[in-house]
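Next come the chains, spelled out residue by residue.
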Amino acid sequence: MYTRRMPQALIYPFALGDRSQSDLLGGKGANLSEMVNMGLPVPPGFTITTEACREYLRTGKLPASLLDELDKAIAGLEKDLGKEFGNPEKPLLVSVRSGAKFSMPGMMETVLNVGINADVAAGLAKISGNEKFAWDSYRRFIEMFGKIVHEVEVEEFRKTEQRVLEANNVNSIQELDAKGLRSLGEDYIKIIEIHTGHPFGSDPRTHLIASIEAVFKSWNSERANLYRRRERISSDLGTAVNIQSMVFGNLTDDSGTGVAFTRDPATGEKGSYGDYLEKAQGEDVVAGIRNTMTLIDLKGLLPSVHAELERVMQLLEDHYRDLCDIEFTVESGKLWILQTRVGKRTAEAAFRIATQLIEEKKISIEEALQRVTGDQLAQLMFPQFDLSAKATEIARGIPASPGAAVGEVVFDSRRAQDLARAGKKVILVRRETSPDDLVGMVAAEGILTSRGGKTSHAAVVARGMGKTAVCGTEGISVDERGGLLTAGSITVYEGEVISIDGSTGAVYLGSVPVIASPVTAFLEGRLSENSDQASPVVKSVAQLLNYADQMRTMNVRANADTPEDAVRARILGAEGVGLCRTEHMFLGERRIYVERLVLAENEDVQRGIIAEMEPLQRKDFVGIMMAMSGLPVTVRLLDPPLHEFLPNLAELSAHVARAEALGEELGAREMGIFAAVKRLHESNPMLGLRGVRLGILIPDLFKMQVRALVNACIEVRKLGHNPVPEIMIPLIATQRELLHLRHALEEEIALSLQGTGQELQIPIGTMIETPRAAITSTRIADYADFFSFGTNDLTQLTWAFSRDDVESTFLPRYLDLELLPFNPFESLDQDGVGLLIKIARDQARALRPDFKLGICGEHGGDPRSIHFFHAQGLDYVSCSPFRVPIARLEAGRAVGLQQNTTI
């Protein structure tokens, strides 16, 4: 997995890099270098490259040259700062932070105050004149080092912490004096020594090397792997490590630490937003352990620092031309910038910021489309709470990530995962979340915490995942061990239902009904973008969808099997129907027709059943053609896997066996059905009698469908509309099948038009859904007017995967082991199935350069797959009606977007 590309320099001082080097320096290191080049107040430091990490992960040990480079880099810091690593008289302390190419907030490790030991802490106390600060920094280092390097359970530290607090008669660590903090640190060391069986050690260089290794190892932690799979980040990139001289937010009363955003990451509102904690270090803000003050509070507290921060924030946003997320520390009244990155944001914020930046002339329309995604648009289409119904609000916190979530309360992340797998909808409730809670956060409908703010771990991760989150809910008390939360006089136990509103921060008792989002109301034509009720995000969505429609070269059609589906699809912007699955017209109450047809004793009975089916088909076709007047409607002829329509053989066999055991006599019809089902039973129905094979065995069936389609078109024309039908033959594997059926269907079309005075040109094409059809497309294209790639079956047959089976058996394990980077039924396998599409495209267009090609599998609504289809020059994609706006947006984004293929 990790290829060797050595040697080269493994350490780069911040002054030698820039933001273009994120592959080598990671995103954090590249941005630190960029800020140094901009002249911003960044604590000096250096970056250990991703190459060093990959070498470590490949061999299990640090590269041979790294330690020499590390010693030289530390010596350079010592010279620049006039301090010495490990020297109590002029101590140099550093932070050791991860920093991958792509932001993975909270997924990897950080160790602060590296370089401190008991002697250095004593020296630091003497130099600073602040014993409490020195011993606080000492106990912080020991706790972080114990958790991250030695993997001591945090609960062990919490037990000791509680004993020390009780012994000192205080309620929080912040209230301990210097003696109490030193005692707490020493107790932490005892815990670590018991855990490891070895003395803790006091050598700063050893601590530094161990911290670097721990950060490298954290690249492969469970939560990091889970996050990468979710975000589709390659596992072989590795992380850089940033070594930065410490500045201390816990030093004096005019010291502190914070996180700032140049715009609101939840709503996109202009202005400065963020959190600040007095006398604290960086992890206190992110962990959400203490509730924070706002940047407005900082202005009242330290006006000159606030003014400098505002200046830096504006500089960074202008430079990056985007929302910036900035971590900062104030040490004795001086501002230091610890890192910046393009900020994670909610879907609403993404759309609003993109259009704001166009208006501010900071980015182009093309750039704006790259700042939003189809997945974000899907989030905006989610429902919201209907507050006209009775809703009992029990608390209100900070609205950290929007949406409406309803579920059973659960206090443990693993249990949340287990319940979600069992089909339960859950709300994960914690005092604060940590990176170890990621599995529960992924599984939950929403996250509720009693501590933390908009920049806490829960908030940042939830926004990145599109999960609803409410944080810093001070009105609730969470008892995780007891499995309950209290809000005033109300107690909610695990398993009881609550509803949380990530847009307002409200927490409701019980289940609150939901209503469609205003974005969905706009997309469905129920709300005008110019209406007073249209929110700013509705106007942003309208603007960007309009831009995408102007830019895209692919049409977007819908998969629609009913007139209702077709109407909704057209309202949502569909430019026709790319797949009308006629077998779906015979589900539900009509299922009996297909069952009777297949079980019919002879052809006369079959013809009678087909005659009953024809008016039903014609009526459905009329409704769909009316809804899509003037736009193409591709009708796929019947393709019913028989197991979906016939009685279950196992159940029938059990029924017959039971009757025989009881001596009961079954009727002739029952025994006839049993015999027919046994005769037609297939071990693998997906590869059996379906599609073109059914049409060849029962030719009157497909003829009936064509007849119904022609007569429906004549009726639609009489009503003043313009039908544009296309016929698609499913599951073709050879040109002989296609030629055989094409002749029969063309004859039936001509017969149906005789005497009507009507002319109707109906293109006849085929689905390409077998590998053989794809690689012999030259022959098939001679007899087809168009191809539509049925990527669901093409994926099944290429991989030899039965979708219904693998997704519940081995596929999850394959994904866990990264044998597959993603589910190939959700996003197209571009190297395998994609290669078959390329082959078919090349062969068809060698015959006719304008040969029409489309997609009608579920991949037609997947953003990553849409970009691939655009790159192959396909004419259209077809997807479910709900995903039509998403496909429109992604087809616009795909213009000029370079495609990466991985599998």
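Residues numbered from 1 in each chain as written. Predicted model: local features only at pLDDT ≥ 70, side-chain atom pairs only at ≥ 80, totals over all residues. Heavy atoms only, no water.

Asker: What exactly am I supposed to notice about helix H6 (residues 154–167) here?
Answerer: In an α-helix, one turn spans 3.6 residues; hence positions three or four apart end up facing the same way. Helix length check: H6 (14 residues) gives 20 Å between terminal C-alpha atoms against 20 Å at 1.5 Å per residue, within 8%. Contact partners of the buried residues in H6: helix H5 (131–148) and helix H7 (178–196). Asn169, located one to two residues past H6, shows a positive phi value of around 60°. (Helix = DSSP H or I, 4+ residues; strand = E, 2+ residues; numbered from the N terminus. Expected span 1.5 Å × (residues − 1). Contact = heavy atoms within 4.5 Å.)

Asker: Help me understand the side chain of Glu737 in this model?
Answerer: Within the secondary structure layout, Glu737 lies in helix H28 (residues 735–753). The contacts of Glu737, once residues within four sequence positions are left out, are Val692, Ile696, Leu731 and Ile732.

Asker: Would you mind going over the pattern of salt bridges with me for this structure?
Answerer: A side chain with one charge may pair with a side chain of the opposite charge, provided their charged atoms come close. All chains considered together, the criterion is met by 62 salt bridges. Where Glu308 meets Arg311, a salt bridge forms, and the shortest distance between an N and an O atom there is 2.9 Å. Taken together, the residues Glu308 and Arg311, both in helix H12 (residues 303–320) and three residues apart, mark about one turn of the helix. Judged by its relative accessible area of 27%, Glu308 falls in the partly exposed class. Overall, the relative accessible area of 42% leaves Arg311 in the partly exposed class. Residues joined in a network through salt bridges with shared partners are Asp136, Arg139, Arg140, Glu143, Lys147, Arg158 and Glu161. (Salt bridge = Lys/Arg side-chain N within 4 Å of Asp/Glu carboxyl O. Buried < 20%, exposed > 50% of the residue type's maximum accessible area, 1.4 Å probe, protein only.)

Asker: I keep staring at the sheet that holds strand E5 (residues 239–245) and nothing clicks. Help me out?
Answerer: Sheet strands pair by backbone hydrogen bonding; their relative direction is either parallel or antiparallel. An order of E1-E2-E5-E3-E4 is seen for the five strands of this open sheet, with the pairing classed as antiparallel. Each of the sheet's edge strands pairs with one partner strand only, and the pair in question is strand E1 (11–13) and strand E4 (110–114). Direction aside, neighbouring strands of the sheet carry axes that sit 20° apart on average. Taken together, the three bridges between strand E3 (residues 94–100) and E4 define a ladder with antiparallel strand orientation. When the bridges of E4 are listed, Arg97 appears paired with Thr110. (Pairing = 2+ DSSP bridges. Axes fitted to C-alpha atoms, helices over the stretch in contact; angles between N-to-C directions.)

Asker: For this particular structure, what's the right way to read the packing of aromatic side chains?
Answerer: Within a pair of aromatic rings, the relevant descriptors are the distance that separates the centres and the angle that separates the planes. Scanning the model with the defined rule gives 13 aromatic pairs in all. Judged by centre distance (5.2 Å) and plane angle (25°), the rings of Trp799 and Phe801 are stacked. Ring-pair connections join several aromatic residues into one group, and the members of that group are Trp799, Phe801, Phe810 and Tyr814. If you follow Arg19 out to its NZ or CZ, it ends over the ring of Tyr320, 4.7 Å from the centre. Between Lys852 and the ring centre of Phe786, over which it is positioned, the NZ or CZ distance is 5.6 Å. (Phe/Tyr/Trp six-rings, centres within 6.5 Å; stacked < 30°, edge-to-face > 60°. Lys NZ or Arg CZ within 6 Å of the ring centre and 35° of its normal.)

Asker: Would you take a moment to explain the sheet that holds strand E18 (residues 477–479) for this structure?
Answerer: Strand order in the open sheet made by the three strands is E18-E19-E20, with antiparallel pairing throughout. Of all the strands in the sheet, just E18 and strand E20 (490–493) have a single pairing partner and so form its edges. On average, adjacent strands in this sheet sit at an angle of 20° to one another, irrespective of strand direction.

Asker: For this particular structure, what's the right way to read helix H3 (residues 66–81)?
Answerer: For H3, with 16 residues, the first-to-last C-alpha span of 22 Å sits near the 22 Å given by 1.5 Å per residue. For H3, the set of buried residues is Leu66, Glu69, Leu70, Ala73, Ile74 and Leu77. Each buried residue of H3 lies within a common arc of 135° when the element is viewed along its axis, so the set occupies one face. Those residues of H3 that are exposed and angled more than 90 degrees off the buried face are Asp68, Lys72 and Lys79. (Arc of directions from axis to C-beta.)

Asker: I keep staring at the confidence of the model for the protein and nothing clicks. Help me out?
Answerer: Regions with low pLDDT should not have their predicted coordinates read in detail. With 96% of its residues at a pLDDT of at least 70, the protein reaches an overall mean of 90. The low-confidence segment residues 1–7, where pLDDT is below 50, has 17 contacts with residues more than four positions distant or belonging to other chains. Confidence drops under a pLDDT of 50 for residues 898–903, and excluding neighbours within four residues, the segment shows 19 contacts in the predicted structure. (pLDDT = per-residue confidence, 0-100.)

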